[in-house]
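Working through the structure, step by step
Each chain is listed here by its residues.
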Amino acid sequence: MFGDKTKRLHSLVERRQWNKIHKLLERADGETKIKVAQACDGATDSEALNLLVLLMMDAEEPVQLAAIEVLGRVGDDSVVTRMRWLLGKTPEEKKGLKDALHHAILGIEQRK
């Protein structure tokens with residue numbers, strides 16, 4: 001069953017079914033949100049990046065970390081500003097989140 005959900009999410013991303021994915025996220029748990037972020041790995045169109053930025057702003061830190069990790073690989077300059085904004089708003093005690101943001105920004109900048 002779990003593999004079926006992962007396959008379905010990858011299929012939705014491949015077919016660019018962004019509205020369906022957004023609907024799914026409205027009632028999704030953290031684990032599903034993480035799987036959505038992972039399914040977007042490799043997708044570089046603006047809707048995929050917008051979806052990942054949305055997940056980066058999620059209330060759950062594991063979801064944020066998953067989205068940030070993927071953004072570090074597929075993101076472009078358009079997401080760096082939002083990442084820096086989140087970095088500035090993130091409390092110092094959330095070192096893992098801050099480190100992930102720094103690493104992702106560096107990854108994007110090195111691909112230029």
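Structure: above.
The structure reproduced in this document is the subject of the present report. The model shown is predicted, which means the values in this text are computed figures rather than measured ones.

Rules used in this analysis
- Residues numbered from 1 in each chain as written.
- Predicted model: local features only at pLDDT ≥ 70, side-chain atom pairs only at ≥ 80, totals over all residues.
- Heavy atoms only, no water.
- Helix = DSSP H or I, 4+ residues; strand = E, 2+ residues; numbered from the N terminus.
- Buried < 20%, exposed > 50% of the residue type's maximum accessible area, 1.4 Å probe, protein only.
- Polar contact = N/O pair within 3.5 Å; in protein donor to acceptor, adjacent residues only side chain to side chain.
- Contact = heavy atoms within 4.5 Å.
- Core = buried A, V, L, I, M, F, W, Y, C linked by side-chain atoms within 4.5 Å.
- Axes fitted to C-alpha atoms, helices over the stretch in contact; angles between N-to-C directions.
- Parallel < 35°, antiparallel > 145°, perpendicular 65-115°, else oblique.
- Left-handed = near helix turned anticlockwise from the far one by under 90°.
- Nonpolar A, V, L, I, M, F, W, Y, C, P; charged D, E, K, R; others polar.

Take glutamine 64: it is sitting in helix H5 (residues 61–74). The exposure class assigned to glutamine 64 is buried, which follows from its relative accessible area of 7%. Side-chain polar atoms of glutamine 64 contact the backbone oxygen of aspartate 58, separated by 3.3 Å. Beyond its immediate chain neighbours, meaning those up to four positions away, glutamine 64 contacts Leu55, Met56, Met57, Asp58, Leu86 and Leu97.

Turning our attention to the nonpolar core. Within the largest apolar cluster, 38 residues are counted, with the highest numbers of intra-cluster contacts made by Met56 and Met83. Going through the elements one at a time, helix H1 (2–14), helix H2 (18–26), helix H3 (30–39), helix H4 (46–56), H5, helix H6 (77–89) and helix H7 (95–110) are the ones with two or more residues in this core. Residue contacts for methionine 83: discarding those within four places in its chain leaves Met56, Ile68, Leu71, Leu101, Ala104, Ile105 and Ile108.

Helix packing geometry: the angle between the two helix axes and the distance between the axes. Where H5 meets H7, the closest approach of the two axes is 8 Å, and the angle between their N-to-C directions is 15°. Judged by the inter-axis angle, H5 sits roughly parallel to H7. Both H5 and H7 take part in a crossing whose hand is left-handed. In this structure, H5 contributes Glu61, Gln64, Leu65, Ile68, Leu71 and Gly72 to the contact, and H7 contributes Gly96, Leu97, Ala100, Leu101, Ala104, Gly107 and Ile108. Looking at the contact of H5 with H7 residue by residue, the classes come out as eight nonpolar, four polar and one charged.

Right, let's get into the side chain of aspartate 58. Looking at the element boundaries, aspartate 58 is found in the loop between H4 and H5. Its relative accessible area of 13% is what places aspartate 58 among the buried residues. Among the polar contacts listed, one links the side chain of aspartate 58 to the side chain of lysine 33, at a separation of 2.8 Å.

Before going further, it helps to examine the environment of valine 13. Examined against the element boundaries, valine 13 turns out to sit in helix H1. For the pair valine 13 and aspartate 77, spaced 64 residues apart in the sequence, the C-alpha separation amounts to 21 Å. Ignoring anything within four residues of it in the chain, the contact list for valine 13 reads Trp18, Ile21, Ala39, Cys40 and Ala43.

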